[in-house]
Every structure is written in structure tokens, then in C-alpha cells.
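# Fold and geometry: a report
Each chain is listed here by its residues.
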Amino acid sequence: MTMQIDISMTPGSCTLDHDGCITCSDAGIPVRVISFEGDDALCEDTAGNRAEIAIELVVPVEVGEILLTHGGVAIGRVSEGKS
Amino acid sequence: MKYVSEFRNADLARAVSSEIASTIDPNRHYKLMEVCGGHTHTIYRHGIKDLLPDQIELVHGPGCPVCVLPMGRVDEGISIAEKPEVIFTCFGDMMRVPGSKGNLLEVKAEGADIRMVYSPLDALRIARENPDREVVFYAIGFETTAPSTALTLQRAKKEGIGNFSVFCNHVTIVPPVRALLDSHRLIKCATYSCRVVAGNSSGWKQAAD
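Residues numbered from 1 in each chain as written. Chains lettered and ligands numbered in written order. Predicted model: local features only at pLDDT ≥ 70, side-chain atom pairs only at ≥ 80, totals over all residues.

### Observations concerning the overall build of chain B
Of the regular secondary structure elements, chain B holds 11 helices and six strands. If you take every contact in chain B between residues at least 6 apart in sequence, the share linking residues at least 24 apart comes to 74%. (Helix = DSSP H or I, 4+ residues; strand = E, 2+ residues; numbered from the N terminus. Contact = placed C-beta atoms within 7 Å.)

In C-alpha cells form, the structure reads like this:
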């Protein structure tokens with residue numbers, strides 16, 4: 001499942017350390033792909049936090065690409081631009 | 001993003017309020033609905049309604065997956081968590097949701113092995129690390145969250161992890177929002193669950209936009 005959503009990667013986007021509830025906030029976190037191996041990618045958010053993200057739903061991915069993540073899983077691609 | 005400092009910045013709030021007032025059509029009546037009960041509480045607690053022009057009416061919506069979870073489902077989750085062989089995993093959202101006889105946080109304090117996870121993939125890792133225990137993930141969420149549960153089950157099957165199971169409580173946002181849209185009232189669906197669904201259904205996306 002892939003989709004194109006225009007979301008800026010400028011500061012102000014949700015980050016991996018957001019303190020809201022996973023389901024209540026329903027937050028989608030844009031992250032940039034740093035590297036990937038198999039079904040996981042090391043990604044970084046706008047605040048510099050890094051986490052391993054599952055990428056089965058959006059493969060293939062490229063280094064530098066921006067993914068939209070939720071609960072540790074990439075659920076879509078993001079094109080850079082204003083939301 | 002630091003929610004406390006940025007979301008509670010009075011200057012920013014006044015600026016956004018002014019922009020909203022200057023953007024709307026003063027001869028039109030708007031109805032905006034939030035989905036989550038947490039949003040409802042925030043709107044009331046921080047007086048957001050008073051920052052909006054009179055033309056905007058806030059209508060409180062169907063509730064998020066946590067808000068609408070029947071108490072019986074919480075009780076069932078607790079009964080699973082109390083089994084000594086079980087490591088019970090769930091999102092932090094669920095820890096304080098009341099059942100008929102308490103919540104998961106209280107049951108954890110009484111000795112049940114209940115662990116908060118950020119992702120169902122964390123629960124799968126716990127299962128991998130504890131092959132002698134049954135790891136149960138309390139799955140909850142709209143269409144945004146359901147893929148992560150499904151993906152985790154696929155990984156568990158692929159890796160042959162036999163001590164991992166899911167207590168599924170996922171719900172969908174489409175039926176209630178479709179009912180609201182069919183009533184021909186303007187709805188702003190700000191959650192990612194609505195974006196996820198809208199992005200995969202061209203007809204519904206047109207209505208949502």
C-alpha cells in the first residue's frame with residue numbers, strides 16, 4: 001500500500017519521541033531513510049531521532065526517501081512540500 | 001516537536017485564531033468534528049471553542065479506538081494478562097482504560113507481566129526473546145494501525161514464532177464517517193486514519209476533500 005502525501009519535513013512535524021497516544025493521536029511521523037537491509041530501514045525524523053522501521057508495505061525504498069510511519073511501520077511515501 | 005511549549009504558545013494560538021477568522025466566509029456556517037475523545041477533552045480544557053469565530057460550530061465525533069472500546073473487551077484483556085504464562089503487551093493508550101474491575105496498570109501493579117510497547121513488532125521481539133512464554137499483543141486502532149498488526153503476524157509466521165498471538169480489537173473509521181458524509185454535512189477529518197482511507201478510495205477521497 002503506497003500513497004503520496006504532501007508533508008513538509010521542516011521542524012514541526014511529528015517526531016519519533018512524540019508523547020501522544022499511538023491510537024488516540026493517530027500520528028503519522030515522516031522519517032528519512034538512512035539505510036536499509038531486508039525488511040527494515042534505519043530512519044531519522046526531523047529532530048534527529050533514529051529508529052528501525054519495518055518497510056514491507058512500501059518496498060522498494062531508496063536512501064534519502066521520506067516515509068510516513070505509524071507504530072514502527074512505514075505505511076506510505078511522502079513527497080516533500082507544504083501540507 | 002515539543003508539544004507543551006509549541007502547542008501552548010499563546011502568540012501562535014492568537015495568530016492561528018486570527019488567520020482562521022480571516023479565512024472563513026462570514027456568511028457561512030461551518031461544522032467541524034474531531035474523532036477522538038482525547039481531542040474533545042483538549043478542546044474543552046484549553047478553551048479552543050472560545051478562540052474560534054461564531055460561524056464555526058464544533059461537533060464532537062464518534063470517538064477513537066480507545067474511547068469506543070467496550071468495557072467487556074478490557075475485562076477480556078485483563079483476564080488474558082492475569083494468566084501466569086502470558087506476557088501481555090499493549091500500547092500505552094490502553095493502560096489506564098477502565099474495565100469493570102480495574103485497569104491494566106492496576107493489574108500490572110498486582111504482579112501481572114504487562115509490558116507497554118510502541119509497536120506490535122516490539123511485542124514480537126519479546127516473543128522471540130521469551131520462547132517459553134506466550135506473548136499476547138492487545139491490538140487496537142483504526143485503519144492506520146491495523147497494517148502494523150497484520151505485518152507483525154506475517155513476520156511471526158515467516159519466522160516460525162509459535163508463542164505470539166494477537167487479541168484483535170481493531171475498528172474501522174469508514175462506516176461512521178461515510179454516514180456523516182452521506183448526511184451532506186461538511187466534515188473536516190484531520191486524523192491520519194481518514195487520510196489513509198481517503199488515499200485508497202477515489203470516490204471517498206473526493207467526498208472527504
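This is not the end of the story, as more comes after the structure.
### Quick look at the sheet that holds strand S5 (residues 134-141) of chain B
Residue and element names in this part refer to chain B. What the four strands build is an open sheet, ordered S4-S3-S5-S6; its pairing is parallel. Of all the strands in the sheet, the pair left with one neighbour each is strand S4 (114-116) and strand S6 (164-170). Ignoring strand direction, the axes of neighbouring strands in this sheet form an average angle of 25 degrees. Here strand S3 (residues 86-90) runs beside S5; their pairing, made up of five bridges, is parallel. From the neighbouring strand, Cys90 faces S5, where its bridge partner is Tyr138. On top of the sheet, helix H8 (residues 146-159) reaches S5 and S6; it is set at about 160 degrees to S6, its chief contact. (Pairing = 2+ DSSP bridges. Axes fitted to C-alpha atoms, helices over the stretch in contact; angles between N-to-C directions.)

### Let's talk about the confidence of the model for chain A
Taken as a whole, chain A shows an average pLDDT of 79; of its residues, 67% reach a score of 70 or greater. Looking at the elements of chain A, mean pLDDT is at its lowest for strand S1 (residues 4-6) of chain A, recorded as 54, and at its highest for strand S3 (residues 40-44) of chain A, recorded as 96. (pLDDT = per-residue confidence, 0-100.)

### Re the environment of A:Leu67
Residues and elements named next belong to chain A. Tracing the sequence through the fold places Leu67 in strand S5 (residues 66-70). Residues Leu67 and Arg32, 35 residues apart in the sequence, show an inter-C-alpha distance of 6.3 Å. If we skip the residues at most four places from it in the chain, Leu67 touches Val31, Val33, Cys43, Ile53, Val58, Val61, Ala74, Arg77 and Val78.

### Here we look at the confidence of the model for chain B
Residue and element names in this part refer to chain B. In this model, chain B carries a mean pLDDT of 83, and residues with pLDDT of at least 70 account for 84%. Throughout residues 196-209 the model reports pLDDT below 50, and contacts reaching past four residues in sequence, or to other chains, amount to 16 contacts. This prediction of the complex comes with two scores: 0.74 for pTM and 0.77 for ipTM.

### Comments concerning the pairing of S5(B)
Burial of S5(B) is extensive: seven of the eight residues sit out of reach of the surface. On the question of chirality, the crossover connecting S5(B) to the parallel S6(B) by way of H8(B) is right-handed. (Buried ≥ 20, exposed ≤ 12 C-beta atoms within 10 Å, placed from the backbone. Right-handed = clockwise from strand over helix to strand, strands pointing away.)

### Digging into the pairing of S3(B)
For S3(B), the tally of buried residues reaches four of five residues, placing the bulk of the element in the interior. Chirality of the crossover, the property in question, places the unit of S3(B), helix H6 (residues 104-109) of chain B and S4(B) among those that are right-handed.

### Quick notes on the environment of B:Gly47
All names here are of chain B. Tracing the backbone shows Gly47 in the loop between helix H3 (37-45) and helix H4 (48-51). A tally of 9 C-beta atoms within 10 Å means that Gly47 is categorised as exposed. Between the C-alpha atom of Gly47 and that of Ala13, which follows or precedes it by 34 residues, the distance is 11 Å.

### Quick look at the nonpolar core
Counting residues in hydrophobic clusters, the biggest one holds 51 residues, and the most contacted among them are A:Ile53, A:Leu67, A:Ala74 and B:Tyr138. By residue number, the principal contributor to this core is S5(B), which donates six residues. For this core, the two domains that each supply at least three residues are domain 1 (3-65 + 174-208) and domain 2 (71-170) of chain B. Look past the residues within four positions of A:Ile53 in its chain and what remains in contact with it is A:Val31, A:Asp40, A:Ala41, A:Cys43, A:Leu67, A:Thr69, A:Gly72, A:Val73 and A:Ala74. (Core = buried A, V, L, I, M, F, W, Y, C linked by C-beta atoms within 7 Å. Domains from an automatic or database assignment.)

### Topic: the environment of B:Thr149
Residue and element names in this part refer to chain B. The topology assignment puts Thr149 in helix H8. Of the residues examined, Thr149 has 23 C-beta atoms within 10 Å and is grouped as buried. Spatially, the C-alpha atom of Thr149 lies 22 Å from that of Asp132, the residues being 17 residues apart in sequence. Setting aside chain neighbours within four positions, we find Thr149 in contact with Pro120, Ala139, Val166 and His170.

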